[in-house]
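Residues per chain, in single letters:
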Amino acid sequence: MRIDGRQMHLQCTEEQIGGYVILPGDPGRCERIAALLEDAQFVSSNREFTVWTGTLEGETVSVCSTGIGGPSAAIALEELVECGAHTFLRVGTCGGMAPEVRGGDLVVATAAVRQEGTSREYMPLDYPAAASFPLVRALAEEAEALGYPTHVGVIQSKDSFYGEIRPSQMPVAAQLTQQWNALLAAGVLASEMESAALFVAAACLHVRCGTVLNVLWNDENEAPAVGKDAAMRGVETAVGALRRLIAWDNRQ
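Definitions and cut-offs
- Numbering of residues starts from 1 in each chain and follows the order in which that chain's sequence is written.
- Only residues with pLDDT of 70 or above have their local features reported here, since the model is predicted, and side-chain atom pairs are shown and tallied only from 80 upward, although totals for entire chains, interfaces and linings are computed over all residues.
- Note: side-chain values were computed over all heavy atoms of the structure, leaving out hydrogens and water.
- Put simply, DSSP marks the helices as runs of H or I at least four residues long and the strands as runs of E at least two long, and each gets a number from the N terminus on.
- Computation of the radius of gyration draws on C-alpha atoms alone. For the globule rule, the value is 2.2 Å times the number of residues to the power 0.38.
- A simple rule labels every residue: compare its accessible area, found with a 1.4 Å probe on the protein chains alone, to the largest value its type can have, and call it buried under 20%, exposed over 50%, or partly exposed in between.
- Throughout, a contact is declared for two residues whenever any of their heavy atoms are within 4.5 Å.
- Note on areas: Shrake-Rupley, 1.4 Å probe, and residue coverage restricted to the protein chains presented here.
- Under the convention used here, Asp and Glu are negative, Lys and Arg are positive, and both His and the chain ends fall outside the count.
- Where a charge sits is defined by one atom per residue type, namely NZ (Lys), CZ (Arg), CG (Asp) or CD (Glu).
- Only protein atoms enter the 1 Å grid, on which a cavity is a set of points fitting a 1.4 Å probe that cannot get out and a pocket is an open set with protein on both sides within 12 Å along at least 5 of 7 lines, lining residues being those with an atom within 4 Å of a point.
- Grid points are joined across faces, edges and corners, and a volume is the space filled by probe spheres set on the points.
- When residue character is reported, Ala, Val, Leu, Ile, Met, Phe, Trp, Tyr, Cys and Pro are called nonpolar, Asp, Glu, Lys and Arg charged, and the others, Gly included, polar.
- Our working definition of a disulfide is a cysteine sulfur pair at a distance within 2.5 Å.
- Two rings belonging to Phe, Tyr or Trp (six-membered ring only in the last case) form a pair when the distance between their centres is within 6.5 Å. Interplanar angles under 30 degrees mark stacking, angles over 60 mark edge-to-face geometry, and anything in between is tilted.
- Excluding any residue in a salt bridge, patches collect residues exceeding 30% relative accessible area, merging like charges within 9 Å and nonpolar Val, Leu, Ile, Met, Phe, Trp and Tyr side chains within 5 Å.
- Salt bridges are defined by distance alone: a side-chain nitrogen of Lys or Arg within 4 Å of a carboxyl oxygen of Asp or Glu.
- Between the N-to-C directions of two axes lies an angle of 0 to 180 degrees, each axis being a line fitted to C-alpha atoms and, for a helix, fitted only over the stretch in contact.
- Oblique is the label for every angle not falling under 35 degrees (roughly parallel), over 145 degrees (roughly antiparallel), or within 65 to 115 degrees (roughly perpendicular).
- Whether a crossing is left-handed or right-handed is set by the direction in which the near helix is turned from the far one by less than a right angle, anticlockwise for left-handed and clockwise for right-handed.

**Q** Just checking my understanding: could you explain the overall build of the protein chain for this structure?
**A** Check the secondary structure of the protein chain and you find seven helices and twelve strands. In terms of overall dimensions, the protein chain is globule-like: its C-alpha atoms have a radius of gyration of 17 Å, near the 18 Å expected for 252 residues. Expressed as a percentage of its 252 residues, the buried residues of the protein chain come to 54%. Within the protein chain, contacts between residues at least 6 apart in sequence are counted, and of these 78% link residues at least 24 apart. Accessible area for the protein chain stands at about 11100 Å²; split by element, carbon and sulfur atoms hold 51% of it. Averaging the locations of the 18 positively and 31 negatively charged side chains of the protein chain gives two centres separated by 2 Å.

As structure tokens, this is what we get:
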């Protein structure tokens, strides 16, 4: 939706956005990510949305923060698609779930459990929230090439951060604990708040979307938590994966 020629929330125009976009949650990470591009320029900042644009391998690439949760992530995706973007890589942080996932590892999502509300505004719950396979492949190959411990599989997306952190304090504690244990039994790797909404919205808009997550901690094992600087592992992986995608796209 445009107001005075600019997207309502992102405050940008079509000419300012690349076809490929990296989506961090935190606006504070945008400039650090943009520094890995060439000729990166600040575009706009409004609410939780900060936008930079540069180039990579001769292609225009943007960085746009989404804030926390599915609603704002879907807004960013919708407006970026209106500006012509077609490929999205979410780079975020998560809490580990499966016992083998440790702080400092990376998780590449193949799909997300739709335990959030935004995606229900796009498709009924029996529609899967799946990542685009070329993006999964590019992220997994790049993480392996960089030597980062990486897990590839299903993650959980939810709406309540503290519903996960402090379930026993919630009136629905029994339900939350039962859901969590079921996901653990099924081998779900990690928990975050945006990917399910992004995957479903991207599918409905006929664009590509993938996710790489930096694991900060895991309450299911005794591995120590890591600092937010570990998030740059996912950023480096995403930028390298975009290089691969651009090369693959240019061969088609």
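Once you've had a look at it, read on.
**Q** Even after reading the chapter, I still don't get the layout of surface pockets, so can you show me in this structure?
**A** In this approach the atoms are scanned with a rolling probe the size of a water molecule, which exposes any empty space left behind. One number sums up the size of the largest pocket: a volume of about 450 Å³. In this structure, the largest pocket is lined by 21 residues; those nearest its centre are I68, T93, F161, M193 and E194. Broken down by element, the residue count for the lining of the largest pocket peaks at five residues, all from strand 7 (residues 87-96). Of the residues assigned to the lining of the largest pocket, the class counts are seven nonpolar, six polar and eight charged. Considering only enclosed or pocket space, the second largest pocket measures out at about 310 Å³ in volume. Considering the residues around the second largest pocket, the lining is formed by 16 residues, among which Q115, Q156, K158, L176 and Q179 are closest to the centre. Tallying contributions element by element places helix 5 (residues 173-185) first for the lining of the second largest pocket, with five residues.

**Q** Explanation requested: the state of the cysteines in the structure shown.
**A** Two cysteines joined by a covalent bond between their sulfur atoms form a disulfide. Scanning all chains against the criterion turns up zero disulfides. This cysteine, C12, is not joined by any disulfide, and C83 carries the nearest cysteine sulfur, 4.1 Å off. On the accessibility criterion, C12 (0% relative accessible area) is buried. The cysteine C209 is free of any disulfide, with C204 supplying the nearest cysteine sulfur at 12 Å.

**Q** Explanation requested: the packing of aromatic side chains in the structure shown.
**A** Between two aromatic rings, the relevant description is the distance of the centres plus the angle of the planes. A full pass over the atoms with the stated rule returns two aromatic pairs. Look at F42 and W52: their rings are 5.8 Å apart centre to centre, the planes differ by 75 degrees, and that puts the pair in the edge-to-face class. Of this pair, F42 sits in strand 4 (residues 38-46) while W52 sits in strand 5 (residues 49-56), and the two are ten residues apart along the sequence. Since its relative accessible area comes to 15%, W52 is described here as buried. Judged by centre distance (5.0 Å) and plane angle (85 degrees), the rings of F161 and Y162 are edge-to-face.

**Q** Could you clarify how one ought to interpret a nonpolar patch on the surface in this entry?
**A** A cluster of nonpolar side chains, namely M1, I3 and M8, defines an oily patch on the protein surface of about 280 Å² accessible area. Structurally, the position occupied by M8 is in the loop between strand 2 (6-7) and strand 3 (20-24). You can call M8 partly exposed: its relative accessible area is 33%.

**Q** In this structure, what is going on with the packing of helix 2 (residues 70-82) against helix 6 (residues 195-205)? I would like to understand it.
**A** Angle between the axes and distance between the axes: these two values describe a pair of packed helices. It is at 9 Å that the axes of helix 2 and helix 6 come closest, and there the two elements cross at 30 degrees. Of the possible angle classes, the one that applies to helix 2 and helix 6 is roughly parallel. You can see that helix 2 and helix 6 cross each other, and the crossing is right-handed. Judged by residue contacts, G70, A73, L77, E78 and V81 of helix 2 engage A197, L198, A201, A202 and L205 from helix 6. Residue composition of the contact of helix 2 with helix 6, by class: eight nonpolar, one polar and one charged.

From the geometry alone we can't say anything about function, so treat these as descriptive.
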